[in-house]
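Architecture and fold: a report
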Amino acid sequence: MSLVRGLSLAYMPMSSVRECAPQWWDEVLGVAILGEGDAGCVPSGVPLARVATPVLAGPRSVCEVWRAGRPTRAGVHGRVRYRCTESMLFGAIALDEGEMPVDADGVSALQRATRAAYREVFDLLDEAGYPALFRAWNYFPAINAVIDGSERYWQFNAGRQDAFGAGGRSTIGSVPAACALGSASGPFTLYFIALRDAPQAIENPRQVCAYHYPRQYGPRSPTFARASLAPSLTSPTLFVSGTASIVGHETLHRGDVVAQTAESFRNIEAVLGEARRAAPAGIALAPGDLAYKVYVRHAGDLDAVRRCVREHLGDAVPVVYVQADVCREDLLVEVEASGGHAMEDWR
Ligand code: 3EB
């Protein structure tokens, strides 16, 4: 792995991360601890997101480690911790909703936390010269709960859209790849990768663009693209956003987790088809060339989901399974992926 130039992703059990030498960390951009892990093994100065999504297979705690393939520089901006290279910046921020200043306008704490987190991020990106948000991972508890008449996922969408607007960023078209999942506990948590040069947003011809969803899915649309491609990185990289059993704008296969998983893969294949047309020749973007994170709403569905995933991908592809609530009550599974970069898992 030390020979890899450019971005790489490793899913590692906490026990292996603990054994890494100090110089190994020099090239680490950032880490997300999935599950129950103790953050003590990650040196201070490495941006860290703690994501309370229990790991469903393998070790109880998995570290998602992003490495740059070259030395990184670390910094702090407001509450955002980051590391960067010449071309990219990885950052993480967590804001406790309970500690948000009181608001007279009746805007929910989650909307305000989301807005504040993104505004700090955009502030950093503008100042440091990495204006293009490439990929954003969003986690917060009780995503499906209805509070004061609106779903928490809708409140999150409002806060995110507020911040994109306030930061002078487009809320349609050229938007980042993303995911938004319900965690078991913890603060509003955002981690992200941003670039100096704008990536290309990719949409899915089978799905309505999320930023054009009709009002029944909330008064403020989600701000994300189905995928985002950075062709000019040392290793041209593609992020496929969280992908679920949605065709057009509607959920398909209510109550059938296997059919939902298969539909999610049809969507991923459609997105990859679009990405291959936009990508430089030589970047491998077949389904089996990517690394995956699968969010399962009900832990008891793991075996059924895993069988279906293996039918699509075989056994040689890195896949991490975690428990998380998906943003629509009727969605039982969501799948994200990335490729083009080097990758490694613990098996
Ligand atoms: C969907 O397609 C399912 O709000 O950032 C997927 C990826 C979903 C990203 C987000 C939401 C988000 O609408 C949910």
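Residues numbered from 1 in each chain as written. Predicted model: local features only at pLDDT ≥ 70, side-chain atom pairs only at ≥ 80, totals over all residues. Heavy atoms only, no water.

- In the annotation of an unreviewed UniProt entry, the protein is listed under the name Chorismatase FkbO/Hyg5-like N-terminal domain-containing protein and assigned to Aromatoleum evansii.

Quick look at the overall build of the protein
- On a plain count of helices and strands, the protein comes out with five helices and 21 strands.
- Expected size for 347 residues packed as a compact globule is a radius of gyration near 20 Å; at 19 Å, the protein falls within 12% of this value.
- When its C-alpha atoms are laid out on the principal axes, the protein stretches across 50 × 45 × 40 Å.
- Among the 347 residues that make up the protein, the fraction classed as buried is 59%.
- Contacts in the protein between residues at least 24 apart in sequence constitute 76% of all its contacts with a sequence separation of at least 6.
- When the accessible surface of the protein is summed, it comes to about 13,400 Å², and 49% of that surface belongs to carbon and sulfur atoms.
- Here the protein contributes 33 positive and 38 negative side-chain charges, whose respective centroids are spaced 2 Å apart. (Helix = DSSP H or I, 4+ residues; strand = E, 2+ residues; numbered from the N terminus. Rg over C-alpha atoms; globule rule 2.2 N^0.38 Å. Buried < 20%, exposed > 50% of the residue type's maximum accessible area, 1.4 Å probe, protein only. Contact = heavy atoms within 4.5 Å. Areas by Shrake-Rupley, 256 points an atom, 1.4 Å probe, with all protein chains shown as cover. Lys, Arg positive; Asp, Glu negative; His and termini not counted. Charge placed at Lys NZ, Arg CZ, Asp CG, Glu CD.)

Observations concerning the packing of aromatic side chains
- Scanning the model with the defined rule gives 18 aromatic pairs in all.
- Ring geometry for Phe 122 versus Phe 164: centroids 4.9 Å apart, planes at 85 degrees, classification edge-to-face. Here Phe 164 lies in helix H3 (residues 152–166) and Phe 122 lies in helix H2 (residues 109–128), a separation of 42 residues in the sequence.
- The buried category is assigned to Phe 164, whose relative accessible area is 3%.
- Taken together, a centroid distance of 5.5 Å and an interplanar angle of 50 degrees make the contact between Tyr 213 and Tyr 217 tilted.
- Looking at Tyr 213, the relative accessible area reads 13%, which means it is buried. (Phe/Tyr/Trp six-rings, centres within 6.5 Å; stacked < 30°, edge-to-face > 60°.)

Some thoughts on the state of the cysteines
- Following the criterion strictly, the structure yields zero disulfides and no others.
- No disulfide involves Cys 209; its sulfur sits 16 Å from the nearest other cysteine sulfur, which is in Cys 327. (Disulfide = S-S within 2.5 Å.)

Some thoughts on the pairing of strand S12 (residues 188–195)
- The element S12 is largely enclosed, with a buried count of eight among its eight residues.
- Here S12 shows no split at all, with Phe 188, Leu 190, Phe 192 and Ala 194 on one side and Thr 189, Tyr 191, Ile 193 and Leu 195 on the other all buried.
- Direction of pairing for strand S7 (residues 88–95) relative to S12: antiparallel, over a ladder of eight bridges. Looking at the pairing, Leu 89 lines up with Ala 194 of S12.
- When strand S8 (residues 132–141) meets S12, the two strands line up antiparallel, connected through seven bridges. Within the sheet, the bridge partner assigned to Ala 132 lies in S12 and is Leu 195. (Pairing = 2+ DSSP bridges.)

So, the site of the ligand
- Lining the immediate surroundings of the ligand are 13 residues, of which Tyr 153, Arg 160, Tyr 213, Arg 226 and Cys 327 lie closest.
- Between an oxygen atom of the ligand and a side-chain N or O atom of Tyr 153, the distance comes to 2.5 Å.
- Measuring from an oxygen atom of the ligand, one finds a side-chain N or O atom of Arg 160 at 2.7 Å.
- Here the ligand has 360 Å² of accessible area as a free molecule, and 99% of this is covered by the chains.
- Residue assignment for the shell around the ligand shows that the elements contributing at least two residues are H3 and strand S11 (177–183).
- Among the elements that take part in the shell around the ligand, S11 stands out by supplying three residues, more than any other.
- Looking at side-chain class alone, the shell around the ligand contains nine nonpolar, one polar and three charged residues. (Near = heavy atom within 4 Å. Polar contact = N/O pair within 3.5 Å; in protein donor to acceptor, adjacent residues only side chain to side chain. Nonpolar A, V, L, I, M, F, W, Y, C, P; charged D, E, K, R; others polar.)

Brief notes about the sheet that holds strand S21 (residues 342–344)
- With respect to topology, five strands assemble into an open sheet ordered S3-S2-S4-S1-S21, the strand pairing being mixed. Looking at the sheet topology across the chains shown, the edges are occupied by strand S3 (48–51) and S21. Mean inter-strand twist for the sheet, computed between neighbouring axes without regard to direction, equals 15 degrees. (Axes fitted to C-alpha atoms, helices over the stretch in contact; angles between N-to-C directions.)

Here's the deal with the nonpolar core
- By size, the foremost hydrophobic cluster in this structure holds 72 residues, and its most contacted members are Trp 66, Tyr 118, Leu 125, Tyr 191 and Phe 192.
- For Phe 192, the residues in contact, after removing those within four places along its chain, are Val 80, Leu 89, Phe 90, Gly 91, Ala 92, Val 121, Leu 124, Leu 125, Leu 133, Arg 135, Ala 136 and Trp 137.
- Membership of the second largest hydrophobic core comes to 30 residues, among which are Val 240, Ala 275, Leu 290 and Leu 332. (Core = buried A, V, L, I, M, F, W, Y, C linked by side-chain atoms within 4.5 Å.)

Details of the pairing of strand S15 (residues 237–243)
- Of all seven residues in S15, seven are buried, a share of seventy percent or more.
- Pairing of S15 with strand S20 (residues 333–339), which is carried by four bridges, proceeds in the antiparallel orientation. By the bridge assignment for S20, Thr 243 is matched with Val 335.

What to know about the environment of Val 271
- Structurally, Val 271 is set in helix H4 (residues 257–278).
- Distance from Val 271 to Tyr 213, taken between C-alpha atoms, is 18 Å for residues 58 residues apart in sequence.

Brief notes about the UniProt feature "domain: Chorismatase FkbO/Hyg5-like N-terminal" (unreviewed entry) in the protein
- When the UniProt feature table is mapped to this numbering, "domain: Chorismatase FkbO/Hyg5-like N-terminal" (unreviewed entry) covers residues 64–194.
- Each end of residues 64–194 is marked by a C-alpha atom, and these two atoms are 17 Å apart; helix forms 27% of the span and strand 38%. (UniProt positions renumbered as here; feature names shortened; annotations may be inferred.)

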